[in-house]
Amino acid sequence: MRCGLGHRRLSIVDLSERASQPMASDDGRFVVVFNGEIYNYPQLRAELETDGAHFRTTSDTEALLHLYARHGAEMVHRLRGMFAFAIWDVRQRRLFLARDPYGIKPLYIANDGWTFRFASQVKALLAGEHVSRDPEPAGIVGFHLFGSVPEPFTLYREIRSLPAGHTQWIDATGPREPKPFSNLAEVLARGAANPVPKAELCERLRAGVLDSVRAHLLADVEVGIFLSAGVDSGALLGLMRDAGQREIRAITLAFAEFQGTSEDEAPLAARVCEHYGARHIVRAVSEQEFFDDLPAILEAMDQPSIDGVNSWFVSKAAKEAGLKVAISGLGGDELLGGYPSFSDLPRWRQWFGPLAAIPGLGLFARKVLGRIVPGLARARPKVLGVLEHSGTWAGAYLLRRGLFMPSELHEVIDVEIVREGLRRLKPLQRINATLVPDPSSDGARVCVLESAHYMRNQLLRDADWVGMAHSLEIRVPLVDFTLLHALAPLIPTLREGTGKAALANAPSKPLPNNIVVRAKTGFNVPTGNWMNAAIDRGSHQASRTTEAKGLVSRRWSLAVLNGMASANVEPEVRAS
Amino acid sequence: MKPSPAMLAIVTDAFGGRGGIAQYNRDFLGALAESRIMSSITVLPRHAPDPPEPPKPIAQMPARPGRVAYSVAALRCALAQSVDLVFCGHIFMAPLAALIARLKAAKLVMQTHGIEAWPCPPRLQRAALESADLVLCVSRYTRATVLSWAAIAPDRVLVVPNTFKESFMPADGGTTRAALGIENKRVLLTVARMDSQQQYKGQDRVISAIPYVVAHGHNVEYAVVGEGDDRPRLESLAHKVGVSDRVRFFGATELRVLTALYSMADLFVMPSKGEGFGIAFLEAMVSGTPALGLNIAGTRDALADGELGTIVSESELPSAIVRLLNKPKPDPVALAAATRARFGREKFAADVRNAMNRLIEA
């Protein structure tokens, strides 16, 4: 068995050449390539040095080599951070792969039976031209169901991702089955079994998030922040101050279309910056720039996604500002119940669950409603699936997050791909599997569903490819396994708005009240109109600006898939 | 320490059987017996036309040609003894093997070869294969096609390439050439069956290339070994292109003649479009004769992506034959050694041992 490793570095901790990768251990036995950041590196280093380890660099990469030499595969339990790495054991001729619990960093693998390849992007595997581009029906169907490609699938049959929170051995007999080392549902189930008084929410949350922010500031370069007018990024900015960062540059996007409306984030973000004494950079983005950048966006998109445009521009702005690292509030909604799904899913289950349990009723209702109210089917197609899907958590989640419903797929992709894709993907089983063991409360269940699906497959993937396209590391302190452990006992007690309110109060100088009460908008861009215009440019149809956001997303998803196919000369993955 | 597992092998044929699949099963089960991983190996074949002589500790039950009789015998056999592992040698038998594995709470190992596993099988067979703990494929191509229709974790699908008999080795072909009266000719050789239902082996493509090869200065003789009902078509083709005096059909040959033909040939050429692997390539190369095939399916594996033999597209075939005949025959001993190192019985035994060990350890 022979092994070749390559690496392209974005240097953030230890900027010197000595920290370049692949990095070998002192005795040359272990060689590592690593993508990510180990935030508890200082503590690990201190422990390892006490244990006799000798460090040649100040890079967290080297800590991985020492940890592996001492603890083998068990080392992953000691890591706090985002990581995807491979360690080659020269003596035992075997490779060890690991990926962080949330799946912040991607790790794709391709095995043809003779050669095992891995990379941090799908396109890196394809670039060698030895990996088949044969389409994976489960990936294609998954994209149309969710708007992103659900792991472990990709658009290509031969390429899969190592699942989040898993390790894998590869030796002379080939790759072994990936083994899990962490489970979001289990953490939440354990937390529910050891509840703490509600009164502790604010203090626990403050301590946990401050600890996470402090850990995420580890860098030998400046750390900036993406700032919206929402609670998550505002509170993180305040906590960066509490963690001791003096100079902070915060980046906000502004759009002419939103000027003077409630969707314009710049004025409120400016107030937050003023509140915390940060330097505010407002980056204006126009529709023309969107069109100019669209080819580059589609080319950089590693796997198709209906989102990512907003992250693209804020990352671009960060790069223009000379930043290599930026903190993002991504994950706050998943952790603290910020999405409508936290109230919708339990409600749907309660209202429609009993009816949905009647065999055949859901299917019957969909067919009948589709016939007698065809307008409803066109305008709100997912409504037809309420009785069919809301009987289970997985079904209700699919209904909430689904782009197209399974019954609609045949309208946009080949029937055979739909059949085979659904058979291989098993979407409901796959979603349900993430709820084992049962997290024990509605809030915790939705937290797991949003974190293990929407956030993992879409938000984190988008953050990765847009970040990498701009040589920017996006750090997500609210997506932190240590923080999840700390908050797990409290998550079942969260009610609508209480989590976010507690987060707003977490900085020693709480967020201004008008930020807290403002309806959540996140980092919005006028994508609806732009997407419509982009689609219409391609199809030469009249603009349909009155369409619901969900319908625009559907049309956009097809445009993205076809646009990616053109940008990357992809095979038979086009939508009809 | 875990006790050694007992295996029940559900196979079409193995010891006392004929053909490539029987040979593979013998190789596989023999390697397993040698490894001493299993406490017992019970083989249940459907066919065994020749006297079976399995090595110890393999026990082969009497052949049961009928489907029902075979199934009853397999179930009886399984119920009467301890079974920890079920080996299924052919996808047609997968549902029965999966049933037995389920009844006995045993692990299931499925073997796939070539064209039998390429098209998506009927639903029951597919479900049975998808329930397997391990699927062994003889080539990357077969593995890729299995994964195209089976919803199974790719890490459970391994490639264990074919091996070859020890009888093949480099030898002086002078005597054979003299006996055949072709001392001054360059000899092309194909060893493959001639099945009118599966005309993919490519003898017709070689016959059609002969005029081009002759036109480029090579006085060639084409030796065709193998039997089958497609022979009249090939003979007629040779006549039609005016090369019937250069094509010699040997039919099925005994092993002694076959080894002599392999060593004597200047170039083994089998432009097949449907090889699961192509053991004949290995037999040729380990006999010291360079091999040429198409860049299609399992041929790529047998020729090691061009490291051991030569792979070309169909349109390049005539010019590739000329190019290879223009060169002197490469060092037969070196070619045989390289082939043995990559596909020899020791390597095969190690592959089998490793594959089964990872299943037993899991």
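Residues numbered from 1 in each chain as written. Chains lettered and ligands numbered in written order. Predicted model: local features only at pLDDT ≥ 70, side-chain atom pairs only at ≥ 80, totals over all residues.

## Section: the overall build of chain A
Part 1 of the argument: Secondary structure summary: chain A contains 24 helices and 15 strands in total.
Part 2 of the argument: For 576 residues, the compact-globule formula gives about 25 Å, and the C-alpha radius of gyration of chain A, at 23 Å, lands near that figure.
Part 3 of the argument: Counting every position in chain A, which comprises 576 residues, the buried fraction comes to 52%.
Part 4 of the argument: By sequence separation, contacts in chain A at least 24 residues apart represent 72% of the contacts at least 6 residues apart. (Helix = DSSP H or I, 4+ residues; strand = E, 2+ residues; numbered from the N terminus. Rg over C-alpha atoms; globule rule 2.2 N^0.38 Å. Buried ≥ 20, exposed ≤ 12 C-beta atoms within 10 Å, placed from the backbone. Contact = placed C-beta atoms within 7 Å.)

## Some thoughts on the sheet that holds strand β9 (residues 220-225) of chain B
Strand pairing in a sheet relies on backbone hydrogen bonds. The paired strands run either parallel or antiparallel.
Residue and element names in this part refer to chain B.
Part 1 of the argument: Taken together, the six strands give an open sheet; going across it, the order is β10-β9-β8-β11-β12-β13, and neighbouring strands pair in parallel fashion. Strands with a single pairing partner mark the edges of an open sheet, and in this sheet they are β10 (247-251) and β13 (310-312). Taking each pair of neighbouring strands and ignoring which way they run, the sheet shows an average axis angle of 25 degrees.
Part 2 of the argument: Note: strand β11 (residues 267-270) against strand β12 (residues 291-294), three bridges, orientation parallel. Residue M270 lies in a different strand from β12, and its bridge partner there is G293.
Part 3 of the argument: Packed onto the sheet, helix α7 (residues 203-215) meets β8 (186-191), β9, β10 and β11 and runs at close to 170 degrees relative to β9. (Pairing = 2+ DSSP bridges. Axes fitted to C-alpha atoms, helices over the stretch in contact; angles between N-to-C directions.)

## Section: the environment of S71 of chain B
All names here are of chain B.
Part 1 of the argument: Residue placement: S71 occurs in helix α2 (residues 67-80).
Part 2 of the argument: Residue classification places S71 among the partly exposed residues on the basis of 17 C-beta atoms within 10 Å.
Part 3 of the argument: Separated by 29 residues in sequence, S71 and I100 place their C-alpha atoms 10.0 Å apart.

## Observations concerning the environment of I281 of chain A
Part 1 of the argument: Position of I281 of chain A relative to the elements: it lies in strand β13 (residues 279-285).
Part 2 of the argument: Linking I281 of chain A and E473 of chain A, residues 192 residues apart in sequence, is a C-alpha distance of 18 Å.

## A word on the sheet that holds strand β6 (residues 116-119) of chain A
All names here are of chain A.
Part 1 of the argument: The strand order across the open sheet built from three strands is β6-β5-β7, with neighbouring strands paired in antiparallel fashion. The sheet is open, and its two borders are formed by β6 and β7 (159-161), each paired with just one other strand. Taking each pair of neighbouring strands and ignoring which way they run, the sheet shows an average axis angle of 25 degrees.
Part 2 of the argument: Note that strand β5 (residues 108-111) and β7 share three bridges and pair antiparallel. What sits directly across from Y108, in β7, is S161.

## Let's talk about the nonpolar core
Part 1 of the argument: V32, F85, A86, L188, I225 and L237 of chain A are the most contacted members of the largest nonpolar core, which has 175 residues in total.
Part 2 of the argument: With 15 residues, helix α19 (residues 442-469) of chain A is the largest single contributor of residues to this core.
Part 3 of the argument: The contacts of I225 of chain A, once residues within four sequence positions are left out, are S233, L236, L237, M240, I248, A250, A326 and I327 of chain A.
Part 4 of the argument: Counting residues in each nonpolar core, the second largest holds 119 residues, with F15, L108, V187 and A302 of chain B among its members. (Core = buried A, V, L, I, M, F, W, Y, C linked by C-beta atoms within 7 Å.)

## Looking at the domain arrangement of chain B
Residues and elements named next belong to chain B.
Part 1 of the argument: Under the domain assignment used here, chain B contains domain 1 (6-163 + 344-361) and domain 2 (174-342).
Part 2 of the argument: Placing a centre on the C-alpha atoms of domain 1 and another on those of domain 2 gives a separation of 31 Å.
Part 3 of the argument: Taken together, the contacts link 13 residues of domain 1 with 13 residues of domain 2.
Part 4 of the argument: By residue number, the principal contributor to the side of domain 1 that touches domain 2 is helix α5 (residues 140-149), which donates three residues.
Part 5 of the argument: Along the lines of polarity and charge, the residues of the side of domain 1 that touches domain 2 split into four nonpolar, seven polar and two charged. (Domains from an automatic or database assignment. Nonpolar A, V, L, I, M, F, W, Y, C, P; charged D, E, K, R; others polar.)

## Some details on the environment of S228 of chain A
Part 1 of the argument: You can see S228 of chain A is positioned in the loop between β11 (223-226) and α7 (231-242).
Part 2 of the argument: Residue S228 of chain A is classed as buried on the basis of its 27 C-beta neighbours within 10 Å.

## Here we look at helix α13 (residues 332-343) of chain B
All names here are of chain B.
Part 1 of the argument: Given a rise of 1.5 Å per residue, twelve residues ought to cover 16 Å, and the 16 Å separating the end C-alpha atoms of α13 matches this to within 8%.
Part 2 of the argument: Along α13, the positions that sit buried rather than exposed are P332, L335, A336, T339, R340 and F343. Buried residues of α13, seen end-on, are gathered within an arc of 135 degrees and therefore sit on one face of the element. Across α13 from its buried face, at more than 90 degrees, point the exposed residues V333, A334 and A341.
Part 3 of the argument: On its buried face, α13 sits against α10 (279-286) and α14 (345-361). (Expected span 1.5 Å × (residues − 1). Arc of directions from axis to C-beta.)

## Here we look at the interface of chain B and chain A
Part 1 of the argument: Chain B puts 15 residues into the contact, and the matching count from chain A is 16 residues.
Part 2 of the argument: For the side of chain B that touches chain A, the secondary-structure elements that each account for two or more residues are α5, β7 (157-159) and α14 of chain B.
Part 3 of the argument: With five residues, α5 of chain B is the single largest residue contributor to the side of chain B that touches chain A.

## Observations concerning unusual backbone geometry
Part 1 of the argument: With an omega of 0 degrees, the peptide bond running from Q21 of chain A to P22 of chain A counts as cis.
Part 2 of the argument: Note on placement: P22 of chain A falls in the segment before β1 (23-24).
Part 3 of the argument: Of the consecutive residues V436 of chain A and P437 of chain A, the connecting peptide bond is found in the cis state with omega at 0 degrees.
Part 4 of the argument: Mapping P437 of chain A onto the fold places it in the loop between α18 (427-433) and α19.
Part 5 of the argument: The backbone of R36 of chain B shows a phi angle near 60 degrees, a positive value even though the residue is not glycine.
Part 6 of the argument: By the secondary structure assignment, R36 of chain B is in the loop between α1 (20-35) and β2 (40-47).

## Let's talk about the pairing of β2 of chain B
Residues and elements named next belong to chain B.
Part 1 of the argument: Counted residue by residue, β2 has six buried out of eight residues, so it is predominantly covered.
Part 2 of the argument: Note that strand β1 (residues 6-13) and β2 share seven bridges and pair parallel. Paired with V11 across the two strands is P45, which belongs to β2.
Part 3 of the argument: Each parallel crossover has a hand, and for β1 linked through α1 to β2 it is right-handed. (Right-handed = clockwise from strand over helix to strand, strands pointing away.)

## Section: the domain arrangement of chain A
Residue and element names in this part refer to chain A.
Part 1 of the argument: Examined at the domain level, chain A breaks down into domain 1 (17-180), domain 2 (187-338 + 445-525) and domain 3 (341-441).
Part 2 of the argument: The centre of domain 1, based on its C-alpha atoms, is set 35 Å off from the matching centre of domain 3.
Part 3 of the argument: In this complex, domain 1 contributes eleven residues to the contact, which on the side of domain 3 involves 17 residues.
Part 4 of the argument: Of the residues belonging to the side of domain 1 that touches domain 3, the class tally is eight nonpolar, three polar and no charged.

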